[in-house]
Amino acid sequence: MIWNLDTSWLMMAIAIVSILSFLLGMALDGVMREDGFGAVGNTVIITTGFFIGIFLANSYGIYLKDLKLAIAVGLSGAFISLATLALSKSVLARF
């Protein structure tokens, strides 16, 4: 799915996901405080996790023709990556 996009559509997708991730990153920064990565750090993690989730689904042969399914897979990848990194940060802070 992501490989079939033109350059302009891919840049628009990255821009929209980045803007929405920044809003979510700011909200999560207020909730997570020192356990998080800051507003910009959360944004970077959420954005990269979104596209990595879509990439992994495509590489495993899951075709994301439906936009709702693609968004669900992307959000799952974003939250899994943020949760994994936050958990590893908290575990490393204890030692």
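Structure first, text after, so check above.
An account of the accompanying structure is given in this report. (Residues numbered from 1 in each chain as written. Predicted model: local features only at pLDDT ≥ 70, side-chain atom pairs only at ≥ 80, totals over all residues. Heavy atoms only, no water.)

1. Things to note about helix α1 (residues 7-32)
Reasoning step 1: With 26 residues, α1 extends 35 Å between its outermost C-alpha atoms, agreeing within 8% with the 38 Å of an ideal straight helix rising 1.5 Å per residue.
Reasoning step 2: Contacts from the buried residues of α1 go to α2 (38-59) and α3 (67-94).
Reasoning step 3: One or two positions beyond α1, positive phi appears at R33, with a value near 50 degrees. (Helix = DSSP H or I, 4+ residues; strand = E, 2+ residues; numbered from the N terminus. Expected span 1.5 Å × (residues − 1). Contact = heavy atoms within 4.5 Å.)

2. Regarding the packing of α1 against α2
Reasoning step 1: With their axes 7 Å apart at the nearest point, α1 and α2 run at an angle of 135 degrees to one another. For the element pair α1 / α2, the angle class is oblique. For the pair α1 and α2, the crossing hand works out as right-handed. In this structure, α1 contributes A13, I14, V17, S18, S21, F22, L24, G25, M26, L28 and D29 to the contact, and α2 contributes G38, A39, V40, N42, T43, I46, T47, F50 and F51.
Reasoning step 2: Residue composition of the contact of α1 with α2, by class: twelve nonpolar, seven polar and one charged. (Axes fitted to C-alpha atoms, helices over the stretch in contact; angles between N-to-C directions. Parallel < 35°, antiparallel > 145°, perpendicular 65-115°, else oblique. Left-handed = near helix turned anticlockwise from the far one by under 90°. Nonpolar A, V, L, I, M, F, W, Y, C, P; charged D, E, K, R; others polar.)

3. Overview of the side chain of S81
Reasoning step 1: Residue position: S81 is located in helix α3.
Reasoning step 2: Polar contacts involving the side chain of S81 include one to the main-chain carbonyl oxygen of A78, which spans 2.8 Å. (Polar contact = N/O pair within 3.5 Å; in protein donor to acceptor, adjacent residues only side chain to side chain.)

4. Some remarks on the layout of surface pockets
Reasoning step 1: Each pocket or cavity is described by its volume, and for the largest pocket that value is around 460 Å³.
Reasoning step 2: Forming the walls of the largest pocket are 21 residues, and the residues nearest its centre are A13, V17, F50, L67 and I71.
Reasoning step 3: Within the residue set of the lining of the largest pocket, elements represented by two or more residues are α1, α2 and α3.
Reasoning step 4: Tallying contributions element by element places α1 first for the lining of the largest pocket, with eight residues.
Reasoning step 5: Grouping the constituent residues of the lining of the largest pocket by class yields 20 nonpolar, one polar and no charged. (1 Å grid on protein atoms, 1.4 Å probe; cavity = no way out; pocket = protein on both sides within 12 Å on 5 of 7 lines; lining within 4 Å. Points joined across faces, edges and corners; volume = space filled by probe spheres on them.)

5. Details of the nonpolar core
Reasoning step 1: The biggest cluster of nonpolar side chains holds 15 residues, and the ones touching the most others in it are L28, I46, F50, F51, I54, L64 and L82.
Reasoning step 2: Sorting the residues of this core by element identifies α1, α2 and α3 as the ones contributing at least two each.
Reasoning step 3: Aside from chain neighbours lying at most four places away, what touches I54 is I2, L64, A70, V73 and G74. (Core = buried A, V, L, I, M, F, W, Y, C linked by side-chain atoms within 4.5 Å. Buried < 20%, exposed > 50% of the residue type's maximum accessible area, 1.4 Å probe, protein only.)

Functional significance is not addressed by these values, which are geometric in nature.
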